[in-house]
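# An overview of the molecular structure
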Amino acid sequence: AAGVPSGYRLRADTRHEVQSPLKIGDVDLIPYAVGRATVYDDDFSEFSGEDDNARLVSTLGLRLHTQVSRVYDNVEDRLLDLTRLRHIIEPRVDLFWTGSTIDPRDIPVYDPDVEGLHEGFGVRLGGRNILQTQRGGPGRWRNVDWLVLGTDFVLRSDDADVQTELARFYSYRPEYSPGGDHFHTDLMWMVTDTLATVGDLNYSFENDRVAQWRLGMSLQQTPRLRLFTDFSEVDQLDSRLLSYGFEYELTRKYNIRLNHTLDLGSDDSRSIEIALERKLPRWRLQVVALIDELEDSAAASLITEA
């Protein structure tokens, strides 16, 4: 119905990136260039009128980063579990441009990692503020990140897909970054050694509203049991999802994890995931069962990780 050709299609894809890390004073600079070629066994004349079956993509970019810090030795607060404080500021700038010989909209997306690319120029202005403290007591002092706040302003040129509702910036591969001008912030607060809270918010300047926000919490109940919960809301989709679950160490070799997601917008269960993990000397084996109530489907998978 969408005009996507049926049947199968053969594709060859290769991506190469070259970086040249430099240092000027206290500033780290990383200029880089990316070249990517994708060849299909047929063109897309039926889908979009595109009669070329080979796509060339190039990306040029520059990353800048530095770090400054200051130590406050006189900080002592038993309520917040603070002993000394170190403030680290990490400003960062990303400049990037991506161009393609074929408009990304003229190719059906078989795989987001291959066809889901975005053209245009962009700049990310942001940084991280890290507050570190010491915990553990005499003879066992260790440094921990008590509070970490990240903030980013991302500006995109008009030839980018600026109308995408959920704008994102991916510094490791800028060509995957959708959306227009937006602000993103994320926060991690290590309340105690066993309790942590996280959150993030994305504000779209194109639509003048909060596009998405999320708040989560993790509690290490015992050395073997961790509880977690997470709530997220996506304005455009009218989606309000609440997830909760646990992770339990059955033995030194076996872990079990359960994650249940509720859709508060429809007052219904969204999905249930159960995973059993076996630790081996050099790799891990996972057996995962997933019940998706939204898609009315069930699946089981076997995953290995080195």
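Rules and cut-offs
- Residues numbered from 1 in each chain as written.
- Predicted model: local features only at pLDDT ≥ 70, side-chain atom pairs only at ≥ 80, totals over all residues.
- Heavy atoms only, no water.
- Patch = residues over 30% accessible without salt bridge, like charges linked within 9 Å, V, L, I, M, F, W, Y side chains within 5 Å.
- Areas by Shrake-Rupley, 256 points an atom, 1.4 Å probe, with all protein chains shown as cover.
- Salt bridge = Lys/Arg side-chain N within 4 Å of Asp/Glu carboxyl O.
- Lys, Arg positive; Asp, Glu negative; His and termini not counted.
- Charge placed at Lys NZ, Arg CZ, Asp CG, Glu CD.
- Helix = DSSP H or I, 4+ residues; strand = E, 2+ residues; numbered from the N terminus.
- Buried < 20%, exposed > 50% of the residue type's maximum accessible area, 1.4 Å probe, protein only.

## Observations concerning a negative patch on the surface
A cluster of acidic side chains, namely D267, D268, E293, E295 and D296, defines a negative patch on the protein surface. With respect to the element layout, D268 can be found in strand β15 (residues 268–279). Given the relative accessible area of 48%, D268 is considered partly exposed.

## A short note on the pattern of salt bridges
Summed over the entire model, instances satisfying the criterion amount to 21 salt bridges. The closest approach of N and O atoms between R11 and E115, which form a salt bridge, is 2.7 Å. Highlighted residues: R11 in strand β1 (residues 11–19) and E115 in the loop between β6 (82–100) and β7 (120–135), separated in sequence by 104 residues. For R11, a relative accessible area of 37% puts it in the partly exposed group.

## Concerning the environment of L227
Looking at the element boundaries, L227 is found in strand β12 (residues 225–234). Between the alpha carbons of L227 and R257 there is a distance of 9.9 Å; along the sequence they are 30 residues apart.

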